[in-house]
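Spelled out, the chains give:
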Amino acid sequence: MPVFHSPRRTSSVSIAKERLKSVLTSDRVHCKPNVTDKLESDLYQTVTKYIEANPNQIKITVTRSDIHISFTGEKH
Amino acid sequence: MGEAIVITSGKGGVGKTTTTANIGIGLSQSDKKVIVIDTDLGLRNLDVVMGMENRIIYNLVDVIEGNCRLKQALIKDKRFPELSLLPSAQTKDKTAISPEQMRKLVDELKEEYDYILLDCPAGIEQGFENAIAGADRAIVVTTPEVSAIRDADRIIGLLEAHGISRPQLIINKLRIEMVQKGDMMTVEDVTEILAVELLGVLPDDEQVVIATNQGEPVIGSDSLAGQAYQNICRRINGESVPIPDYTRTEGVLARLLHHFKSN
């Protein structure tokens, strides 16, 4: 094991994980990868139209069968 | 009353058939009556992996079409008395049988066998529907690659849509050195993405190729893969066996301590 192991800038594993997350989300809701990004951003806009919140308080995740919007009321 | 388990993956070449053969053999050695069924019509493979290709007379389609009695088509493994194989048909295609017929057959087999292992074909078409029709639970096999994981995710969704919830995952062909170097996804990376229960991890092992060349099982040997399959069988039988961390790099001191402890 090399002692002075310099971390690579972007490992192929992190690229694989990013690509997988994007492709799985779109597979699960049957749409193109960029659509889910737009969907998440639209949902954020909609929620913040009625609720005062910042991006740290809202988490939107698309799973196989559900779209979860979690909101933590506490301000950071 | 036995339990029917389908071994599936979506993508081809990830190790469904090898896994079916080795788990079948492992379970049959724990005093359980086991039958393995090759449901891949037209692409018969489980028989050669198990070294039983010269003993086929009748096949799955013959049984379903009533050309023979069920007992006539079953091939008993001479090495493992509690294990039988129901081979696939090489000259038919997936439309030769229906999911309903498979369900009936599997229900009949459950009367006599403790475990019915269904080796599923690649893909998500009728062959998949046939293979999962009679299954009570599913084992999804994947490798730590983008394409295999994507297909596994799709399969997990389809299994759930067919009422087979909570499938278990086997991660196959894990290349330990690549993971250590950060060049291959870790077990945690894969389970985090797929969010299903992990049944076992198989390190990539030359012994699997060597054993399969000869139609021999790798389970029962003291190779990494052989031990991993053994552990998977114990977990299927309800034992709690921890999954070893193959990629942990032990320091010299830790290795020395381990050496003294084990002696």
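From a predicted model like this one, the values you see are computed outputs, not experimental measurements.

Caption draft 1: Expanded view of the overall build of chain A. Counting its regular elements, chain A contains 2 helices and 2 strands. Helices and strands appear in chain A in the N-to-C order α-α-β-β. Taken over 76 residues, chain A has a buried fraction of 21%. Long-range contacts, defined as pairs at least 24 residues apart, comprise 17% of the intrachain contacts of chain A with a sequence gap of at least 6. When the accessible surface of chain A is summed, it comes to about 5,900 Å², and 55% of that surface belongs to carbon and sulfur atoms.

Caption draft 2: Up close: the side chain of Thr143 of chain B. Residue and element names in this part refer to chain B. The residue Thr143 is located in the loop between strand 6 (137–142) and helix 7 (146–161) in this model. The exposure class of Thr143 is buried, given its relative accessible area of 2%. Within the local environment of Thr143, its side chain forms a polar contact with the side chain of Glu145, the two groups lying 2.6 Å apart. Beyond its immediate chain neighbours, meaning those up to four positions away, Thr143 contacts Val14, Ala148, Ile149, Asn172 and Lys173.

Caption draft 3: Spatial organisation of unusual backbone geometry. Residues and elements named next belong to chain B. You will see that Asp31, though not glycine, has its phi angle at about 65°, which is positive. Looking at where Asp31 falls in the secondary structure, it is placed in the loop between helix 1 (16–28) and strand 2 (34–38). Taking relative accessible area as the criterion, Asp31 reaches 69% and is therefore assigned exposed. Residue Lys173 is not a glycine yet carries a positive backbone phi of 60°. The residue Lys173 is located in strand 7 (residues 168–174) in this model.

Caption draft 4: Structural view of the environment of Gly123 of chain B. All names here are of chain B. With respect to the helices and strands, Gly123 occurs in the loop between strand 5 (115–119) and helix 6 (126–133). Sequence-wise, Gly123 and Thr8 are 115 residues apart; in three dimensions their C-alpha atoms are separated by 9.2 Å. Look past the residues within four positions of Gly123 in its chain and what remains in contact with it is Gly10, Phe128 and Ile155.

Caption draft 5: Just the packing of helix 7 of chain B against helix 9 (residues 187–194) of chain B, in detail. Residues and elements named next belong to chain B. Their axes nearest at 10 Å, the elements helix 7 and helix 9 cross at an angle of 35°. For the pair helix 7 and helix 9, the crossing hand works out as right-handed. Taking contact as the criterion, the partners of Ile149, Ala152, Asp153 and Ile156 in helix 7 are, on helix 9, Val190, Ile193 and Leu194. For the contact of helix 7 with helix 9, the residue count by class is 6 nonpolar, no polar and 1 charged.

Caption draft 6: Up close: a nonpolar patch on the surface. A cluster of nonpolar side chains, namely Leu39, Ile67 and Ile69 of chain A, defines an oily patch on the protein surface of about 230 Å² accessible area. Following the sequence through the fold, Ile69 of chain A ends up in strand 2 (residues 67–71).

Caption draft 7: Fine view of the interface of chain B and chain A. Taken together, the contact pairs 17 residues of chain B with 14 residues of chain A. Between chain B and chain A, the buried area comes to about 1,500 Å², and carbon and sulfur atoms account for 57% of it. Contact with chain A buries surface across chain B, with Arg150, Asp153 and Ile193 of chain B losing the most and accounting together for 36% of the total. Summed over the shared surface of chain B and chain A, the number is 4 salt bridges.

Caption draft 8: Geometry of the sheet that holds strand 3 (residues 75–76) of chain B. Residues and elements named next belong to chain B. Reading across the sheet, the 8 strands line up as 3-4-2-5-1-6-7-8 and stay open at both edges, with mixed pairing between neighbours. With one partner strand each, in any of the chains shown, strand 3 and strand 8 (197–203) form the two edges of the open sheet. For strand 2 and strand 4 (residues 83–86), the ladder comprises 4 bridges, and the chain directions are parallel. Following the sheet pairing, Ile37 is matched in strand 4 by Leu86. Most of the contacts of helix 1 go to strand 5, to which it runs at about 170°, and overall it touches strand 1 (3–8), strand 2, strand 4, strand 5, strand 6 and strand 7. Across the face of the sheet, helix 11 (residues 224–236) comes into contact with strand 1, strand 5, strand 6, strand 7 and strand 8 while running at roughly 160° to strand 8.

Caption draft 9: Structural context of the packing of helix 1 (residues 12–29) of chain A against helix 9 of chain B. Following both chains from N to C, one finds helix 1 of chain A and helix 9 of chain B inclined at 15°, their axes separated by 11 Å at the closest point. By the criterion of interaxial angle, the relationship of helix 1 of chain A to helix 9 of chain B is roughly parallel. Here helix 1 of chain A and helix 9 of chain B pass one another in a crossing that is right-handed. Across the interface between the two elements, Val13, Lys17, Leu20, Lys21, Leu24 and Arg28 of chain A from helix 1 of chain A touch Asp189, Glu192 and Ile193 of chain B from helix 9 of chain B. Grouping the constituent residues of the contact of helix 1 of chain A with helix 9 of chain B by class yields 4 nonpolar, no polar and 5 charged.

About the thresholds
Residues numbered from 1 in each chain as written. Chains lettered and ligands numbered in written order. Predicted model: local features only at pLDDT ≥ 70, side-chain atom pairs only at ≥ 80, totals over all residues. Heavy atoms only, no water. Helix = DSSP H or I, 4+ residues; strand = E, 2+ residues; numbered from the N terminus. Buried < 20%, exposed > 50% of the residue type's maximum accessible area, 1.4 Å probe, protein only. Contact = heavy atoms within 4.5 Å. Areas by Shrake-Rupley, 256 points an atom, 1.4 Å probe, with all protein chains shown as cover. Polar contact = N/O pair within 3.5 Å; in protein donor to acceptor, adjacent residues only side chain to side chain. Axes fitted to C-alpha atoms, helices over the stretch in contact; angles between N-to-C directions. Left-handed = near helix turned anticlockwise from the far one by under 90°. Nonpolar A, V, L, I, M, F, W, Y, C, P; charged D, E, K, R; others polar. Patch = residues over 30% accessible without salt bridge, like charges linked within 9 Å, V, L, I, M, F, W, Y side chains within 5 Å. Salt bridge = Lys/Arg side-chain N within 4 Å of Asp/Glu carboxyl O. Buried area = accessible area lost by both parts, 1.4 Å probe. Pairing = 2+ DSSP bridges. Parallel < 35°, antiparallel > 145°, perpendicular 65-115°, else oblique.

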